[in-house]
Amino acid sequence: MPKDFLSVADWSADEIMKMLARAQELRSLHRSGERPQTLQGRTLAMYFEKPSLRTHVTFEAGMAQLGGHAILLRPDQVGIGTRESPLDVARNLSRWVDGLMARTFSHELVELLAENATIPIINGLTDRLHPCQAMADLQTIAGVMNPQEAKLCYVGDGNNVANSLLLLAAKVGMRFRISTPGSHRPPDWVMAQSRELAALSGAEIAWSEDPHEAVEGANFVYTDTWTSMGQEDEAEERRRVFAPYQINAELVAGAPDAWLLHCLPAHRGEEITGELLDGARSLIYEQAENRLHAQKAVLERVMLAKSGA
Ligand code: CP
Ligand code: NVA
């Protein structure tokens, strides 16, 4: 079992399904008012180079609910790479806390922290991947149907959220179509790794430039912002390039029974119309809720493995 949770690709399908089952159990327990104290006395450090609502609150609340504690670290306070090297930050934190959740621009930084820490490092989003979001999305899909029978379609930017979804779908054997402009396809390494994983799991992975073709017959249609954190200077150009990829009534006419997914934050009227985001087929707040439960399952898995508990 890997020490860290940096990419879903590092974890076996069996481990992912076990975490999914535990996430579903934790959700039921939480809804019935039970708070299992499995991480009593454990501490998670949380480091954010980018803004966050869901990731911050769900990790902090998740730790508290499991009997543990979370500490928020700000980049201007810690100064990774300016005040102190990533190596020394990793070595110091390893002496004090039981895990680090990091949201960084550079994926290489979370890898460097993981290499130099003896504690587990959890990827809370990098420019490359967002594995915690993908776990919550899997839980949301599993709440509706067997993920291995689901046809998931992602429309929009081939970025971190799409990359992790691709890898997760390929791992667990889901049918996954992705439609992006040719200029904003997922990186070649993600497509290649997904195809390798899909060959093992039986997943079907396909990319198309035509969103109508991709959406046809889907059970779930997913989108993400067109302008990710750190790309604000490109917002105007991106609005132009992605305009044909908006999730709207005309596009989802090809999948009238599809459930709609979005990792949030959303921009109503850009990547998805407000009507659909707030409509009866939207599962966006389920996804947001499941961030809490899916991450608690990840936290238990990596933190309890470390201590052998
Ligand atoms: N979906 C997501 O990661 O939300 P935040 O950026 O608010 O954490
Ligand atoms: N792709 C988005 C996801 C936000 C959760 C971003 O990186 O800003």
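What counts as what
- Residues numbered from 1 in each chain as written.
- Chains lettered and ligands numbered in written order.
- Predicted model: local features only at pLDDT ≥ 70, side-chain atom pairs only at ≥ 80, totals over all residues.
- Heavy atoms only, no water.
- Helix = DSSP H or I, 4+ residues; strand = E, 2+ residues; numbered from the N terminus.
- Contact = heavy atoms within 4.5 Å.
- Axes fitted to C-alpha atoms, helices over the stretch in contact; angles between N-to-C directions.
- Parallel < 35°, antiparallel > 145°, perpendicular 65-115°, else oblique.
- Nonpolar A, V, L, I, M, F, W, Y, C, P; charged D, E, K, R; others polar.
- Expected span 1.5 Å × (residues − 1).
- Buried < 20%, exposed > 50% of the residue type's maximum accessible area, 1.4 Å probe, protein only.
- Core = buried A, V, L, I, M, F, W, Y, C linked by side-chain atoms within 4.5 Å.
- Left-handed = near helix turned anticlockwise from the far one by under 90°.

Chemist: Outline the environment of phenylalanine 48, supporting the account with residue identities and numerical values.
Modeler: Structurally, phenylalanine 48 is set in strand 1 (residues 43-48). Taking C-alpha positions, phenylalanine 48 is 8.4 Å from glycine 124, a pair spaced 76 residues apart along the chain. Those residues in contact with phenylalanine 48, other than ones at most four positions away along the chain, are Thr55, His56, Leu72, Leu73, Pro75, Met101 and Arg103.

Chemist: Any chance you could break down the side chain of threonine 126 for me, citing the residues and the numbers?
Modeler: Here threonine 126 is to be found in the loop between strand 4 (121-123) and helix 6 (131-142). With residues near it in sequence (within four places) discarded, threonine 126 still touches Lys50, Thr104, Phe105, Ser106, His107, Val110 and Asn160.

Chemist: Quick rundown of the packing of helix 1 (residues 13-31) against helix 7 (residues 160-172)? Include the residues and the values.
Modeler: Axis separation between helix 1 and helix 7 bottoms out at 9 Å; the angle between their running directions is 105°. Between helix 1 and helix 7, the angle is such that the two are roughly perpendicular. Of the residues in helix 7, those in contact with Ala13, Ile16 and Met17 of helix 1 are Leu168, Lys171 and Val172. Class assignment of the residues belonging to the contact of helix 1 with helix 7 gives a composition of 5 nonpolar, no polar and 1 charged.

Chemist: Residue-level account of helix 1, with values.
Modeler: If you check helix 1, its first and last C-alpha atoms are 27 Å apart, about what 19 residues at 1.5 Å a residue would give, namely 27 Å. Of the residues making up helix 1, those classed as buried are Glu15, Ile16, Met19, Leu20, Arg22, Ala23, Leu26, Arg27, Leu29 and His30. Positive phi shows up at glycine 33, right after helix 1, with a value of about 90°.

Chemist: So, the nonpolar core: which residues are in play, and what are the values?
Modeler: Of all hydrophobic cores here, the largest spans 60 residues; its most connected members are Phe5, Ile122, Leu152 and Phe176. At 9 residues, the largest contribution of residues to this core is made by helix 7. Among all residues touching isoleucine 122, those that are not within four sequence positions of it are Phe5, Phe59, Leu100, Met101, Ala102, Cys132, Val298, Leu299 and Val302.

Chemist: Any details on the packing of helix 6 against helix 7? Residues and values, ideally.
Modeler: At a minimum axis distance of 9 Å, the contact between helix 6 and helix 7 shows a crossing angle of 50°. Judged by the angle between their axes, helix 6 and helix 7 are oblique. At the point where helix 6 passes helix 7, the crossing takes the right-handed sense. Along its contact with helix 6, which presents Pro131, Ala134, Met135, Asp137 and Leu138, the element helix 7 presents Ser164, Leu165, Leu168 and Val172. Of the residues in the contact of helix 6 with helix 7, the class split is 7 nonpolar, 1 polar and 1 charged.

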